[in-house]
Amino acid sequence: MCLAIPAKVIKMNESHAEVDIMGVRKTVNILLVDNLNVGDKIMIHAGFAISKIEDEYFCFLENMLREILDDCP
Amino acid sequence: MTQEEKRLIGETVAQVNKSLKSDIRIMEVCGTHTHQIARFGIRKLLVPKIHLVSGPGCPVCVTESGYIDALITLLMHENVTIATFGDLLRVRGSSDSLEEQKSLGRKVITVYSPEDVLNLAKRNTDQNIVFAAVGFETTAPLYAALIQTSQKENIHNLFFLTSLKRMEPAIRFILGKSGVHIDGMICPGHVAAITGISPFLPVTIEYHIPAVICGFEAMDLIASISILCRQITGEIPIQFMNTYKRCVSDAGNSAALRLMSEVFRISDVNWRGIGIIRDSALILNHSYEEYDASKRFGLKIESVPAAFPDRCECSKVLIGEETPDMCVNFGSLCTPDHPIGPCMISSEGACAAYYGFGGGKI
Ligand code: SF4
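Residues numbered from 1 in each chain as written. Chains lettered and ligands numbered in written order. Predicted model: local features only at pLDDT ≥ 70, side-chain atom pairs only at ≥ 80, totals over all residues. Heavy atoms only, no water.

Chemist: Where do I start with the overall build of chain A in this structure?
Modeler: Looking only at helices and strands, chain A features 1 helix and 5 strands. Each helix and strand of chain A, ordered N terminal to C terminal, gives the series β-β-β-β-β-α. Counting all 73 residues of chain A, 45% fall into the buried class. Pairs at least 24 residues apart make up 31% of the contacts formed inside chain A by residues separated by at least 6 positions. (Helix = DSSP H or I, 4+ residues; strand = E, 2+ residues; numbered from the N terminus. Buried < 20%, exposed > 50% of the residue type's maximum accessible area, 1.4 Å probe, protein only. Contact = heavy atoms within 4.5 Å.)

Given below as structure tokens:
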């Protein structure tokens, strides 16, 4: 029930944004995220944006895994 | 998934599997993690020494039967429609489920977003719409936004029967319980996206258990399990970590937290199979009581003892004391098509996740 999916903000007004979810356009509520701009990436949960996300989706994780592997004997 | 990601996962898994000398138990407390771990077949990648056990984070599984009974009582009112997320439909109260009531012609509507409920209320002004507001902190701010919007737009036929729960008291309950041994914890990424990291810090700071805030992709899970294993084996010092930084900031979502504190206050609630956990509920603040279905319709949610059918082990599965395969009904008498207990009803319940992706095997 806590699943959220990533999307990109295409257009927005005060309370709602049109977003692109893997090529599909959808309207979502954006009342829960401050300082949102067109072009931002967000996580969507049950029709609401709940968080902004970093552009580089896996970059941080990839670097972390590489570090773990480099560290290991 | 790219070839590079696959390679990294493969190498990390091999490294984790090699490093373990004795059995360890890692708990995921989020039902969505439970589902994803089963979906990606993570258990099958890891050596049997690593036991991934599920916690109480499937909101539908822990919703008490008295709450379902209260929703069913509301359906007896001529002009009441219950709106709910689909997962809750099949959960039984002390006798019936909403699905059974719906088949009898009662007005139960499944929605995908709280916004659908607002439109439903606007379109059906002759009906009182009661939204079954179930969930954890990921979903609670959505209800809060909806309630505030209803107030602003002067909507008077929309009500909420809440069974909203907080993660931190549940985690403290489990970690403080004797008989439940956990070496590491995978903390819920989307709850933390709202709350920030503070509710989860005590796992490491007070209980000295390695803990990681984790995302929901295979790579997130493998990275987090690897970090936990390295801490558990003493390879690196025990420290709280956030591997889901692309979505979870330390402070969380300030707009959502502000809204939640305006609309809700903290109370106690009964968790199905677990009992009352103090301060684990979010209920409507006095200033929003006009939206409280229990006040509007004079309802009381009775704390009936967990109605688990014969030999259902959900109460132990929900706190990680047992895994689904330890229940005699698992995969034989109890399957997703014929569920006996709540852990087999929701796709995020441990029993359904294990069964659905393991073909009945773990
Ligand atoms: S397999 Fe079915 S009966 Fe057994 S614990 Fe799970 S839900 Fe309950």
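Chemist: Sorry if this is basic, but what is going on with the site of the ligand here?
Modeler: Every residue near the ligand is listed here: C312, E313, C314, C327, N329, F330, C334, I340, G341, M344 and C351 of chain B. Counted by class, the shell around the ligand contains 8 nonpolar, 2 polar and 1 charged residues. (Near = heavy atom within 4 Å. Nonpolar A, V, L, I, M, F, W, Y, C, P; charged D, E, K, R; others polar.)

Chemist: Mind showing me how you'd approach the pattern of salt bridges here?
Modeler: Side chains that differ in charge, positive against negative, can pair when their charged atoms come close. Residue and element names in this part refer to chain B. Across all of its chains, the model carries 14 salt bridges over all chains by this definition. Here E153 ties to K122 by a salt bridge, and the two come within 2.8 Å at their closest N and O atoms. Of this pair, E153 sits in the loop between α7 (140–152) and β6 (158–165) while K122 sits in helix α6 (residues 114–123); the two residues are 31 residues apart in sequence, bridging distant segments of the chain. Using a relative accessible area of 43% as the deciding quantity, one classes K122 as partly exposed. (Salt bridge = Lys/Arg side-chain N within 4 Å of Asp/Glu carboxyl O.)

Chemist: Got a minute to help me understand unusual backbone geometry in this structure?
Modeler: A negative phi angle characterises most non-glycine residues, just as the trans form characterises most peptide bonds. Phi angles above zero are rare outside glycine, and N35 of chain A is one such case at about 55°. Residue H208 of chain B is not a glycine yet carries a positive backbone phi of 55°. For H208 of chain B, the position within the fold is in the loop between α10 (201–205) and β8 (211–214).

Chemist: Help me out: how do you make sense of the environment of I186 of chain B in this one?
Modeler: Residues and elements named next belong to chain B. Within the element layout of this structure, I186 appears in strand β7 (residues 184–188). Using a relative accessible area of 0% as the deciding quantity, one classes I186 as buried. Remark: the alpha-carbon pair of I186 and I225, spanning 39 residues in sequence, is separated by 7.8 Å. Aside from chain neighbours lying at most four places away, what touches I186 is I26, M27, E28, V29, H33, V212, C214, I225 and L228.

Chemist: Explain the interface of chain A and chain B to me, please; I cannot follow it from the model alone.
Modeler: Much of the literature gives interface size as the accessible area that the parts lose upon coming together. Facing the 33 residues of chain A at the interface are 50 residues of chain B. Summing the contributions of chain A and of chain B, the shared interface buries around 3600 Å²; its carbon and sulfur component is 66%. Here chain A and chain B share 7 residue pairs in polar contact (both at pLDDT 80 or more) between them. Listed by contribution, the elements that provide at least two residues to the side of chain A that touches chain B are β4 (41–45), β5 (48–53) and α1 (59–71) of chain A. Among the elements that take part in the side of chain A that touches chain B, α1 of chain A stands out by supplying 9 residues, more than any other. Of the residues contributing to the side of chain A that touches chain B, the split by class is 22 nonpolar, 5 polar and 6 charged. (Buried area = accessible area lost by both parts, 1.4 Å probe. Polar contact = N/O pair within 3.5 Å; in protein donor to acceptor, adjacent residues only side chain to side chain.)

Chemist: How do you make sense of the confidence of the model for chain B when you look at a structure like this?
Modeler: Low pLDDT marks regions whose predicted coordinates should not be analysed in detail. Scored by pLDDT, chain B has a mean of 90; 97% of the residues are at 70 or more. Model confidence for the complex: the whole-complex pTM is 0.90, and ipTM, which rates the interface, is 0.82. (pLDDT = per-residue confidence, 0-100.)

Chemist: Is there a simple way to think about the packing of aromatic side chains in this case?
Modeler: To describe a pair of aromatic rings, one takes the distance between the centres and the angle between the planes. Residues and elements named next belong to chain B. The tally for this structure, following the rule as stated, stands at 7 aromatic pairs over all chains. Taken together, a centroid distance of 6.1 Å and an interplanar angle of 50° make the contact between F131 and F160 tilted. Of the two residues, F131 is situated in strand β5 (residues 128–135) and F160 in strand β6; the sequence distance between them amounts to 29 residues. F160 carries the same exposure label as F131, and that label is buried. Relative to Y355, the ring of F330 lies with its centre 6.1 Å away and its plane at 80°, an arrangement referred to as edge-to-face. (Phe/Tyr/Trp six-rings, centres within 6.5 Å; stacked < 30°, edge-to-face > 60°.)

Chemist: How do you make sense of the environment of I26 of chain B when you look at a structure like this?
Modeler: Residues and elements named next belong to chain B. Residue position: I26 is located in strand β1 (residues 24–28). The exposure class of I26 is buried, given its relative accessible area of 0%. For I26, the contacting residues outside a window of four places in its chain are I50, H51, L52, V53, G184, I186, I225, L228, C229 and I232.

Chemist: Could you clarify how one ought to interpret the sheet that holds strand β4 (residues 108–111) of chain B in this entry?
Modeler: For sheets, the rule is that strands pair by backbone hydrogen bonds, running either parallel or antiparallel. Residues and elements named next belong to chain B. With mixed pairing, the 6 strands of this open sheet are ordered in space as β4-β3-β5-β6-β11-β10. Taken across any chain shown, the strands that pair with only one partner, and hence form the sheet edges, are β4 and β10 (264–271). Within this sheet the neighbouring strands show an average axis-to-axis angle of 30°, counted without direction. Along the sheet, helix α4 (residues 65–75) makes contact with β3 (80–85), β4, β5 and β6, crossing β6 at roughly 170°. (Pairing = 2+ DSSP bridges. Axes fitted to C-alpha atoms, helices over the stretch in contact; angles between N-to-C directions.)

Chemist: Help me out: how do you make sense of the environment of I194 of chain B in this one?
Modeler: Within the secondary structure, I194 of chain B sits in helix α9 (residues 189–195). Since its relative accessible area comes to 0%, I194 of chain B is described here as buried. It is 20 Å that separates the C-alpha atoms of I194 of chain B and Q36 of chain B, two residues lying 158 residues apart in sequence. Leave out the neighbours within four places in its chain, and I194 of chain B touches I50 of chain A together with E137, T138, P141, G252, N253, A256, L257 and M260 of chain B.

Chemist: Where do I start with the state of the cysteines in this structure?
Modeler: Structurally, a disulfide amounts to a covalent bond that connects the sulfur atoms of two cysteines. Residues and elements named next belong to chain B. In total, this model carries 1 disulfide over all chains according to the counting rule given. Sulfur-sulfur distance for the disulfide between C58 and C61 comes to 2.4 Å. On the S-S bond that ties C58 to C61, the torsion sits near 75°, and the link is right-handed. With respect to burial, C58 and C61 carry one shared label: buried. (Disulfide = S-S within 2.5 Å.)

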